[in-house]
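# Structure at a glance
Here are the chains, one letter per residue:
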Amino acid sequence: MIDSKYIKDILEKIIETENDQDLLNSQLDYLKIKDYKYTWTGLFVHFEKQKGIETFKGVDKKVLYGLIIKSQELELDAEAILFIKGGIIDYLEIWSHSGNYPKHEIKEYELIQGWIEKNN
């Protein structure tokens, strides 16, 4: 199970509008954070998959993007992108629109489905 509220909130929000949302949500109980790799502009979160996750395979391969992260801890907004491989959540990428991302977990934030906002 994912022990970071920030990362779990991002995953839940980014998959909430997907057709295979139920399958992807079920996978969250079978994921652990393997590592965080901070870069100058963002963060990569790799997941360790637990036995049983394959029961909840979704669409084979896709990229979910457009989730905007707003926070006082960021110079500008950031965006989250989720990569799915073989129907299983693979890794999460977060990148800052300013090019600077803090080297710590953000504590206070708002998550917005950016692509939905752009279409309204």
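Residues numbered from 1 in each chain as written. Predicted model: local features only at pLDDT ≥ 70, side-chain atom pairs only at ≥ 80, totals over all residues. Heavy atoms only, no water.

### Comments concerning the pattern of salt bridges
Worth spelling out the cut-off: Think of a salt bridge as a Lys or Arg side-chain nitrogen and an Asp or Glu carboxyl oxygen that are within 4 Å of each other. Exposure categories follow from relative accessible area, calculated using a 1.4 Å probe and restricted to protein chains: below 20% of the type maximum is buried, above 50% is exposed, and the middle band is partly exposed. Numbering of helices and strands starts at the N terminus; helices are DSSP runs of H or I of at least 4 residues and strands are runs of E of at least 2.
If you walk through the whole model with that rule in mind, you get 6 salt bridges. When the shortest N-O distance is used, the salt bridge between Glu 16 and Lys 13 registers 3.1 Å. The exposure class assigned to Glu 16 is partly exposed, which follows from its relative accessible area of 34%. Between Lys 62 and Glu 18 there is a salt bridge whose closest N-O contact spans 3.0 Å. Of this pair, Lys 62 sits in strand 3 (residues 62-70) while Glu 18 sits in the loop between helix 1 (5-15) and helix 2 (21-27), and the two are 44 residues apart along the sequence. Note on Lys 62: relative accessible area 15%, which makes it buried. The network of salt bridges with common partners includes Glu 18, Asp 20 and Lys 62.

### Side note on the side chain of Ser 96
Short version of the rule: Throughout this description, a polar contact denotes any pair of N or O atoms lying within 3.5 Å of each other; where both atoms belong to protein, one of them has to be capable of donating a hydrogen while the other can accept it, and for residues adjacent in sequence the pair is counted only when both atoms sit in side chains.
Here Ser 96 lies in strand 5 (residues 88-96). There is a polar contact of 2.8 Å between the side chain of Ser 96 and the backbone oxygen of Asn 100.

### Structural notes on the sheet that holds strand 2 (residues 42-49)
Which entries qualify depends on this criterion: A strand pair is defined by DSSP finding two or more bridges across the two strands. Helix axes are fitted only over the stretch in contact, all axes being lines through C-alpha atoms; the angle between N-to-C directions runs from 0 to 180 degrees. Whether two residues touch is decided by their heavy atoms; if any such pair falls within 4.5 Å, the residues are in contact.
Judged by pairing direction, the sheet is antiparallel, and its 6 strands sit side by side in the order 1-2-5-4-3-6 without closing on themselves. Every other strand in the sheet has two partners, leaving strand 1 (31-38) and strand 6 (110-113) as the edge strands with one partner each. Sheet twist, expressed as the mean angle between neighbouring strand axes with direction ignored, is 25°. Packing against the sheet, helix 1 makes contact with strand 1, strand 2, strand 3, strand 4 (78-85), strand 5 and strand 6, and its axis sits at approximately 120° to strand 3.

### A closer look at the confidence of the model for the protein
We apply this condition: As a per-residue quantity, pLDDT reports the predictor's confidence and falls between 0 and 100.
Taken as a whole, the protein shows an average pLDDT of 93; of its residues, 95% reach a score of 70 or greater. For the stretch residues 116-120, pLDDT sits under 50, and the model shows 2 contacts to residues farther than four places along the chain or on other chains.

### With respect to the packing of aromatic side chains
Describing an aromatic ring pair means giving the distance of the ring centres and the angle of the ring planes. This is how the line gets drawn: Two rings from Phe, Tyr or Trp (for Trp, the six-membered ring) form a pair when their centres are within 6.5 Å of each other. A pair whose planes differ by under 30 degrees is stacked, one over 60 is edge-to-face, and the rest are tilted.
Tallying each qualifying case throughout the model produces 5 aromatic pairs. Their ring planes at 10° and their centres at 4.4 Å tell us that Phe 83 and Tyr 91 sit as a pair that is stacked. Residue Tyr 91 is classed as partly exposed on the basis of its relative accessible area, which comes to 21%. Pairwise contacts between aromatic rings join Phe 44, Phe 83 and Tyr 91 into one cluster.

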